[in-house]
Amino acid sequence: MNIFKKKEAAQTEGTAEESKQKKEKKPVTLDIFDFSGDNAITVRDLDLFYGEFQALKKINMEMPKYQITAMIGPSGCGKSTLIKTLNRMNDLVEGCRVVGEIIIGGLNIYDRGVDLSALRKNVGMVFQKPNPFPMSVYDNIAYGPRTFGIRKKGELDEIVERSLKQAAMWDELKDRLNKSALGLSGGQQQRLCIARALAVGPQILLMDEPTSALDPISTGKIEELCEELKKDVTIVMVTHNMQQAARISDKTAFFLLGEMIEMGDTEQVFSEPKHPETERYITGRFG
Amino acid sequence: MTKASSTKVKDTSAKVLFIVCACLSILAVFGIICYILAASIPAFREVGFFQFLFGTRWNHNTDTYGILAMLCSTLVVTVLAVILGGVIGVFTAIFMVFWCPDRFHLRYSGPNKFVQKMVAWLNKINLRTIFDQIIKLLAGIPSVIYGYFGIIVLVQGGLVYMDPNYRGYGVLATCIVLAIMIIPTITSLTKNALEAVPAQYFEGALAMGNTKAQAVFRVVFPAARSGIISALILGIGRAVGETMAVQMVAGGMVNFPTGLFIPICPLTVKINMEMGEVVPGSLHESALMATGFVLLVLVLIITLSVNFVPKEFKGKKGTRVLQGGGENVVYRKKGLIPEILKYCGMVCAGIVVISLAAIILFICINGIPNISWNFLFGGDGYEGHSLAPAFLTTFYVIIFTLIIALPLGIGAAIFLNEYAKPGSKFVKVIRTFIDTLSGVPSIVFGLFGYLLFVQIFGRSVFAGAFTMVLVILPTIIRSTEEALRAVPMELREASYGLGASKIRTIFKVVLPSAFPGIATAIVLSVGRIISESAALIYTAGMMAVASSSVSSAIDPTNAGSTLTVFMYSFFAEGLAYEEAYATAFVLLVITFVLNLIVYFIQKRVKKKR
Ligand SMILES: Nc1ncnc2c1ncn2[C@@H]1O[C@H](COP(=O)(O)OP(=O)(O)OP(=O)(O)O)[C@@H](O)[C@H]1O
Ligand SMILES: [Mg+2]
């Protein structure tokens with residue numbers, strides 16, 4: 001079961017092209033996930049059950065690489081459920097059963113033998129409520145790399161600095177790396193969580209209502225950050241804020257009662273939705 | 001091996017280890033039952049089971065063994081103590097929850113600056129917290145101190161004058177001492193039960209025009225009934241198993257408890273009095289084990305019966321009062337009884353405070369003058385008695401016990417909270433066994449340790465430590481579990497989301513966040529070990545005061561007395577009352593400091609949240 005080689009270390013460096021080149025140079029791939037295709041994520045005929053209850057019905061969608069895909073829909077329609085299937089966080093839920101395929105980096109992630117650790121390293125997640133660990137800023141960010149066996153101080157320092165820079169927080173935080181992360185403001189904590197997710201070099205970043213607990217200014221910062229980040233990572237974001245979806249996403253998918261009603265370019269979905277339900281929801285939420 | 005599969009192996013083997021830790025409580029309970037039963041079989045066979053249970057004479061010189069009188073003594077004393085302690089404990093809890101003011105509201109408008117400052121300072125004190133701490137302190141005071149207080153103050157200072165035979169000890173003295181000892185258990189559990197009653201019951205009753213006292217006694221109190229009954233049952237368990245304090249005030253003569261001043265010999269006392277001089281392998285030894293077995297069965301029945309307190313009848317009466325609209329409303333004009341009960345609560349709370357104050361004063365007044373550097377740390381060079389060997393033994397027992405018990409207890413807690421399906425049968429079984437283990441009386445642990453660990457290690461600090469592991473395991477499991485439960489799920493998710501394995505998540509994220517809880521567990525365990533005596537006497541040993549020395553205590557394969565046992569020897573040998581007081585003072589200070597540490601840890605945790 002040679003799924004995951006330990007030597008994948010700091011693979012995040014540089015732009016996408018560089019990392020692609022690196023991959024080509026080294027025939028021993030860093031993991032078995034291969035993100036050279038156009039779509040970062042492909043979902044095929046996905047059904048999901050919580051016990052008897054079917055929370056997702058025949059979902060089919062494709063999320064293109066280096067774009068932001070927004071998922072919208074009324075409460076309880078299954079957005080969080082879907083986003084959690086993308087890195088198998090649903091495995092933690094008792095009685096949750098998945099049928100269908102989710103292809104990420106050329107692999108069906110629900111195949112037997114897929115290494116969860118490797119999957120989650122490639123598919124990072126940012127949660128609704130900021131959830132920094134009760135440790136220092138530094139240790140928060142170093143947690144992921146340490147999980148993957150990086151122990152050298154120099155290497156970790158580098159990763160911490162790079163991740164914080166990527167999350168546009170380096171200047172804010174470089175003097176308080178050893179202070180507890182719990183002392184940061186809510187917005188800072190959330191961006192720290194993004195930096196923490198970036199530290200393991202994910203190809204995809206899942207965000208479930210990342211700004212719903214934040215004030216408008218922090219929200220703006222995170223939106224800016226997303227636009228910046230999509231150069232290097234593919235972002236999937238659940239949001240209840242229509243303006244936010246319209247502002248920053250490239251693709252938008254609309255869900256209703258466990259079904260995906262419509263997915264398309266954001267502009268198209270917002271200006272001329274194909275489905276009357278989508279229109280009703282969007283106009284209702286805008287108006 | 002690839003990383004993926006090696007993590008898997010690690011995860012699975014860790015899980016297996018945790019399950020083993022969790023099952024240890026089951027093993028311990030069965031082990032105790034089996035060992036003691038096996039050791040009692042000769043007695044049951046020789047004497048005859050019924051002859052043993054219903055015989056009224058006990059004389060080991062003639063090998064006559066019948067425990068009926070002792071059994072009756074235990075039962076009668078327990079019932080009386082629970083009635084007395086139960087009433088006081090429950091009313092104190094009611095007072096604490098509903099009437100204890102937050103702060104003093106003293107006023108002073110005079111010119112004296114000092115008095116002004118004092119008043120301001122007094123007004124700042126949080127009375128509820130103080131009361132909580134009083135109860136916890138009462139719970140932490142070692143049995144030997146209660147016994148000492150009982151014999152000197154209660155018996156020689158009061159009851160002697162009421163006893164026509166001028167003895168004072170016996171049934172009544174035992175009841176009073178036991179009542180004081182079980183009050184903390186009953187009060188704190190009752191308080192939890194009262195606080196768990198939803199606030200809307202209380203508010204609803206007030207809204208219908210009930211007075212506060214009516215609302216409390218007609219609605220909240222009945223709603224908390226099942227919790228209060230459980231509290232009383234646990235109080236009974238504690239009273240049945242208490243040894244050292246009872247031994248000092250019961251009188252130690254095998255009699256039926258036919259009067260308040262009859263000297264008696266409850267089961268625990270018989271065991272404790274004769275275990276010291278028993279010939280190994282004799283029928284006498286077996287008879288004492290059999291006595292322990294009867295005691296164990298009694299306690300098991302009592303502890304297990306808590307599980308049969310119906311949970312449904314929790315709240316029924318209370319809700320009915322609230323739901324009843326119009327004609328069903330229980331509404332009487334200002335009821336007299338609730339008002340009277342309210343004052344009962346205040347009186348009982350007063351009794352509790354006064355008892356504690358009396359014990360503390362008694363120990364301080366008699367103890368402080370006898371404290372000296374040499375007494376504390378004098379060592380072998382010092383002519384007089386010194387506590388140094390006892391400190392050393394206590395320290396060893398604490399360290400060795402914790403080294404063994406902590407990993408086991410934390411492992412069990414991890415299994416229960418992180419791996420097991422909540423509410424599954426298996427978990428329920430384990431929980432029941434943990435509760436059972438925590439209800440086993442110290443002296444039974446002592447007998448078990450004598451049968452198993454002393455056979456392995458000889459009478460030594462190690463045997464004592466292994467015995468204490470079983471004693472403190474439930475405490476560690478419970479408080480660790482509580483702490484794990486308080487760690488937010490989001491932190492675990494964050495860790496998994498970064499690709500961390502379960503085992504890494506537990507060790508790097510969950511356990512560090514639960515650290516204050518684990519620290520509390522450690523401090524509580526230390527307290528328990530320090531206050532323990534009955535479980536240690538036959539395992540770690542009880543040295544004659546004169547023969548204890550640092551040079552012997554320094555080697556943990558030797559027997560040694562811990563502080564409480566040492567204090568008991570001072571008393572039992574009847575030579576050195578001053579030293580007994582001084583030791584009691586030291587114990588009191590340690591208990592106080594440990595309580596303070598727990599308080600500050602928990603305060604910090606609360607602040608963080
Ligand atoms: N662990 C669970 N067990 C059982 N049912 C669940 C579980 N989690 C979610 N559900 C159900 O699945 C459905 C979808 O829930 P989900 O959380 O995905 O909705 P959502 O679209 O994210 O809603 P919101 O916008 O409120 O976050 C809901 O009906 C919910 O009740
Ligand atoms: Mg959601």
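### Quick notes on the overall build of chain B
Phase 1: From N to C terminus, chain B includes 28 helices and two strands.
Phase 2: For chain B, the C-alpha radius of gyration of 26 Å lies close to 25 Å, the compact-globule estimate for 609 residues.
Phase 3: Counting only C-alpha atoms and orienting by the principal axes, one finds that chain B spans roughly 80 × 75 × 60 Å.
Phase 4: Contacts in chain B between residues at least 24 apart in sequence constitute 79% of all its contacts with a sequence separation of at least 6.

### Thoughts on the interface of chain B and chain A
Phase 1: Facing 20 residues of chain B, the contacting portion of chain A comprises 29 residues.
Phase 2: The interface formed by chain B and chain A contains one salt bridge.
Phase 3: Of the charged contacts, one joins Lys129 of chain A and Glu490 of chain B as a salt bridge, the two residues approaching to 3.2 Å between their closest N and O atoms.
Phase 4: Seen at the junction of chain B and chain A, the total is six residue pairs in polar contact (both at pLDDT 80 or more).

### Quick word on empty space enclosed by the protein
All names here are of chain B.
Phase 1: The full count for this structure, using the stated rule, is five cavities of 30 Å³ or more.
Phase 2: For the second largest cavity, the calculated volume is near 50 Å³.
Phase 3: Every residue along the wall of the second largest cavity is listed here: Pro389, Ala390, Thr393, Met543, Ser548, Ser549, Ser552, Ala553, Ala559, Gly560 and Ser561.
Phase 4: Among the elements of the structure, helix H17 (388-419) and helix H26 (550-553) are those that each provide at least two residues to the lining of the second largest cavity.
Phase 5: Here the lining of the second largest cavity takes three residues from H17, the largest share from any one element.
Phase 6: Grouping the amino acids of the lining of the second largest cavity by side-chain chemistry returns five nonpolar, six polar and no charged.

### Regarding helix H18 (residues 425-439) of chain B
Phase 1: The terminal C-alpha atoms of H18 of chain B lie 21 Å apart, and with 15 residues this matches the ideal 21 Å at 1.5 Å per residue to within 8%.
Phase 2: Among the residues making up H18 of chain B, those that are buried are Val427, Ile430, Phe433, Ile434, Thr436 and Leu437 of chain B.

### Remarks on the layout of surface pockets
Phase 1: Considered as a void within the structure, the second largest pocket measures approximately 1,300 Å³ in volume.
Phase 2: Secondary-structure elements contributing two or more residues to the lining of the second largest pocket are helix H3 (116-122) of chain A together with helix H1 (3-47), H17 and helix H22 (489-497) of chain B.
Phase 3: The element best represented in the lining of the second largest pocket is H1 of chain B, accounting for six residues.

### Quick notes on the pattern of salt bridges
Phase 1: Enumeration according to the criterion identifies 21 salt bridges over all chains in this entry.
Phase 2: Of the charged contacts in the structure, one is a salt bridge between Asp265 of chain A and Lys251 of chain A, with a shortest N-O distance of 2.8 Å. Residue Asp265 of chain A is located in strand S10 (residues 259-265), and its partner Lys251 of chain A is located in strand S9 (residues 251-256); the two are separated by 14 residues in the primary sequence.
Phase 3: Among the residues examined, Asp265 of chain A registers a relative accessible area of 43% and is labelled partly exposed.
Phase 4: Each member of the salt-bridge network shares a partner with another, and the members are Asp132, Lys191 and Glu195 of chain B.

### Examining the environment of Leu234 of chain B
Residues and elements named next belong to chain B.
Phase 1: Take Leu234: it is sitting in helix H10 (residues 225-241).
Phase 2: According to the relative accessible area criterion, Leu234 is partly exposed, its value standing at 33%.
Phase 3: The spacing of Leu234 and Leu304 is 70 residues in sequence and 9.8 Å in space, taken between C-alpha atoms.
Phase 4: Discounting residues that sit within four places of it in the chain, Leu234 has contacts with Thr185, Leu189, Thr303 and Val306.

### Details of the site of ligand 1
Residues and elements named next belong to chain A.
Phase 1: Near ligand 1 lie 13 residues; those nearest to it are Ser75, Lys79, Ser80, Thr81 and His240.
Phase 2: Within the backbone of Cys77, a nitrogen or oxygen atom sits 3.2 Å from an oxygen atom of ligand 1.
Phase 3: Gly78 places a polar main-chain atom, nitrogen or oxygen, 2.9 Å from an oxygen atom of ligand 1.
Phase 4: Here ligand 1 has 630 Å² of accessible area as a free molecule, and 62% of this is covered by the chains.
Phase 5: Counting residues per element, the shell around ligand 1 draws most heavily on helix H2 (residues 79-85), at three residues.
Phase 6: Of the residues belonging to the shell around ligand 1, the class tally is five nonpolar, six polar and two charged.

### A word on the domain arrangement of chain B
All names here are of chain B.
Phase 1: When the domains of chain B are assigned, the result is domain 1 (2-46 + 385-608) and domain 2 (70-311 + 339-360).
Phase 2: The distance between the C-alpha centroids of domain 1 and domain 2 comes to 24 Å.
Phase 3: At the interface, 41 residues of domain 1 touch 41 residues of domain 2.
Phase 4: Buried surface at the junction of domain 1 and domain 2, both sides included, amounts to about 3,600 Å², of which 78% is carbon and sulfur.
Phase 5: Among the secondary structure elements, those contributing two or more residues to the side of domain 1 that touches domain 2 are H1, H18, helix H19 (442-451), helix H25 (534-537), helix H27 (563-573) and helix H28 (577-608).
Phase 6: The greatest single-element share of the side of domain 1 that touches domain 2, amounting to 11 residues, is contributed by H1.
Phase 7: Of the residues that constitute the side of domain 1 that touches domain 2, the class distribution is 30 nonpolar, nine polar and two charged.

### Regarding H22 of chain B
Phase 1: The complete set of buried residues in H22 of chain B reads Leu491, Arg492, Ala494, Ser495, Tyr496 and Gly497 of chain B.
Phase 2: Directly after H22 of chain B, the chain includes Gly499 of chain B, whose backbone phi takes a positive value near 90°.

### Remarks on the packing of H18 of chain B against helix H21 (residues 461-486) of chain B
For any two helices packed against each other, one specifies the inter-axial angle together with the distance between the axes.
All names here are of chain B.
Phase 1: At a closest axis distance of 8 Å, the pairing of H18 and H21 adopts a crossing angle of 130°. With respect to each other, H18 and H21 are oriented oblique. Crossing handedness for the pair H18 and H21: left-handed. Between H18 and H21, the contacting residues are Arg431, Ile434, Asp435, Leu437 and Ser438 on the first element and Leu470, Pro474, Ile477, Arg478 and Glu481 on the second.
Phase 2: Residues of the contact of H18 with H21, tallied by class, amount to five nonpolar, one polar and four charged.

### Quick look at the sheet that holds strand S7 (residues 204-208) of chain A
Residue and element names in this part refer to chain A.
Phase 1: The six strands lie next to each other as S6-S7-S8-S3-S9-S10, forming an open sheet whose pairing is mixed. Edge positions in the open sheet fall to strand S6 (123-126) and S10, since each of these has one partner strand only. Going from strand to strand, the sheet's axes swing by 15° on average, the running direction of each strand aside.
Phase 2: By the bridge criterion, six bridges tie S9 to S10 in an arrangement that is antiparallel. Bridging from a neighbouring strand, Ala253 pairs with Met263 of S10.
Phase 3: Sheet strands in contact with helix H7 (residues 186-198) are S6 and S7, and its direction is about 170° off that of S6.

The rules behind the values
- Residues numbered from 1 in each chain as written.
- Chains lettered and ligands numbered in written order.
- Predicted model: local features only at pLDDT ≥ 70, side-chain atom pairs only at ≥ 80, totals over all residues.
- Heavy atoms only, no water.
- Helix = DSSP H or I, 4+ residues; strand = E, 2+ residues; numbered from the N terminus.
- Rg over C-alpha atoms; globule rule 2.2 N^0.38 Å.
- Contact = heavy atoms within 4.5 Å.
- Salt bridge = Lys/Arg side-chain N within 4 Å of Asp/Glu carboxyl O.
- Polar contact = N/O pair within 3.5 Å; in protein donor to acceptor, adjacent residues only side chain to side chain.
- 1 Å grid on protein atoms, 1.4 Å probe; cavity = no way out; pocket = protein on both sides within 12 Å on 5 of 7 lines; lining within 4 Å.
- Points joined across faces, edges and corners; volume = space filled by probe spheres on them.
- Nonpolar A, V, L, I, M, F, W, Y, C, P; charged D, E, K, R; others polar.
- Expected span 1.5 Å × (residues − 1).
- Buried < 20%, exposed > 50% of the residue type's maximum accessible area, 1.4 Å probe, protein only.
- Near = heavy atom within 4 Å.
- Areas by Shrake-Rupley, 256 points an atom, 1.4 Å probe, with all protein chains shown as cover.
- Domains from an automatic or database assignment.
- Buried area = accessible area lost by both parts, 1.4 Å probe.
- Axes fitted to C-alpha atoms, helices over the stretch in contact; angles between N-to-C directions.
- Parallel < 35°, antiparallel > 145°, perpendicular 65-115°, else oblique.
- Left-handed = near helix turned anticlockwise from the far one by under 90°.
- Pairing = 2+ DSSP bridges.

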